[in-house]
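# Chains, contacts and geometry: an overview
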Amino acid sequence: DIVSFTSRFIEKNRHVFKNAVIRLDNRTSDPCCFCRINDNLFEMLLMNLLTNAVKYNTSRTPRVDILFEQQNNKYIVRFIDNGIGIPRSERKKIFKKFYQAGDAQTRSAKGNGLGLYLVAGIVKVHRGTIQVEAAPGDSGTEFTVTLPAAETPAAGEEEGRT
């Protein structure tokens, strides 16, 4: 269950996001959203998207809303933040290896340009897609991850694994 997995991840790593508000909203018709994921890789995806949302944010209280939706046999996970946003001209480039938006003098946070490259690779390994656009309201960024749904947990999978 990707919703429960994400909730546990946030609680386990609350110290990393101590000054941020992270809210989960399951808008699916099912209480459980089963996807086949590699736990370690999906944790990396969550860590990168959430730390970027906090790091590239000038708000007094960084906020990330994680919305879970369902379309046919896919789950859509939207990460919507109130950060500084990503200019339209940069959006196609941010998933490239070593790419960082802006220039070295105007960049508000330091990084190596690998985080979103890794996120895109993790999504691809899970046979999903990722898109980025401006968050509703002209402030922040919205990352949309689409993953194939699994009907039920596979027989023999360990308890607590998705």
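Described below are features of the structure shown in this document. (Residues numbered from 1 in each chain as written. Predicted model: local features only at pLDDT ≥ 70, side-chain atom pairs only at ≥ 80, totals over all residues. Heavy atoms only, no water.)

### Some details on the overall build of the protein
Scanning the protein for helices and strands turns up three helices and five strands. Secondary structure elements of the protein occur, N-terminal to C-terminal, as α-β-α-β-β-α-β-β. Burial statistics for the protein: of 162 residues in total, 43% are counted as buried. In the structure as shown, the protein presents an accessible area of about 9,400 Å², 49% of it carried by carbon and sulfur atoms. (Helix = DSSP H or I, 4+ residues; strand = E, 2+ residues; numbered from the N terminus. Buried < 20%, exposed > 50% of the residue type's maximum accessible area, 1.4 Å probe, protein only. Areas by Shrake-Rupley, 256 points an atom, 1.4 Å probe, with all protein chains shown as cover.)

### Some points on the sheet that holds strand E2 (residues 63-71)
The sheet built from five strands is open, its strands ordered E1-E2-E3-E5-E4 with mixed pairing. The open sheet is flanked by strand E1 (21-26) and strand E4 (129-134), the only strands paired with a single partner. Geometrically, the sheet is characterised by an average inter-axis angle of 15° between neighbouring strands, direction not taken into account. Alignment of E1 against E2, held across six bridges, turns out to be parallel. (Pairing = 2+ DSSP bridges. Axes fitted to C-alpha atoms, helices over the stretch in contact; angles between N-to-C directions.)

### Quick notes on helix H2 (residues 39-55)
In this model, H2 (17 residues) spans 24 Å end to end at C-alpha, consistent with the 24 Å of a helix rising 1.5 Å per residue. Three or more residues of H2 are buried, namely Asp39, Phe42, Leu45, Leu46, Asn48, Leu49, Leu50, Asn52 and Ala53. Looking at the packing, one finds that the buried side of H2 touches helix H1 (2-12), E1, E2, strand E3 (74-81), helix H3 (115-125) and strand E5 (141-148). (Expected span 1.5 Å × (residues − 1). Contact = heavy atoms within 4.5 Å.)

### Here's the deal with the pairing of E3
Most of E3 sits out of view: seven of its eight residues are buried. Bridge count between E2 and E3: eight bridges; the pairing is antiparallel. Across the sheet, the residue bridging to Gln70 is Tyr75, located in E3. Counting the residues that bridge the hairpin from E2 to E3 gives two residues, and of these Asn72 lies at a positive phi of roughly 55°.

### Describing the side chain of Asp81
One can find Asp81 in strand E3. It turns out Asp81 is buried and unbridged, and the closest side chain with the opposite charge, Arg63, is 7.8 Å from it. A polar atom in the side chain of Asp81 sits 2.8 Å from the backbone nitrogen of Gly83. (Lys, Arg positive; Asp, Glu negative; His and termini not counted. Salt bridge = Lys/Arg side-chain N within 4 Å of Asp/Glu carboxyl O. Polar contact = N/O pair within 3.5 Å; in protein donor to acceptor, adjacent residues only side chain to side chain.)

### Description of the pattern of salt bridges
By the definition in use, this model includes seven salt bridges. Measuring nitrogen to oxygen at the nearest pair gives 3.5 Å for the salt bridge that ties Arg63 to Asp65. Under the relative-accessibility criterion, Arg63 is labelled partly exposed at 29%. The partner of Arg78 in a salt bridge is Glu142, with the nearest N and O atoms 3.2 Å apart. With a gap of 64 residues between them, Arg78 in strand E3 and Glu142 in strand E5 connect regions that are remote in the sequence. Where salt bridges share partners, they join Arg23, Arg63 and Asp65 into one cluster.

### Section: the packing of H2 against H3
Contact pair H2 / H3: the axes reach a minimum separation of 9 Å and the direction vectors enclose 145°. For the pair H2 and H3, the sense of crossing is left-handed. Residue-level contacts link Leu41, Phe42, Met44, Leu45, Asn48, Leu49 and Asn52 of H2 to Gly115, Leu116, Val119, Ile122, Val123 and Val125 of H3. Of the residues that constitute the contact of H2 with H3, the class distribution is 10 nonpolar, three polar and no charged. (Left-handed = near helix turned anticlockwise from the far one by under 90°. Nonpolar A, V, L, I, M, F, W, Y, C, P; charged D, E, K, R; others polar.)

### Quick look at unusual backbone geometry
Across residues other than glycine, the phi torsion is negative in most instances, and most of the peptide bonds are trans. One non-glycine residue, Asn72, adopts positive backbone phi at about 55°. Topologically, Asn72 is positioned in the loop between E2 and E3. In this structure, Arg127 takes a positive phi of about 60° despite not being glycine. In this fold, Arg127 is placed in the loop between H3 and E4. Given the relative accessible area of 68%, Arg127 is considered exposed.

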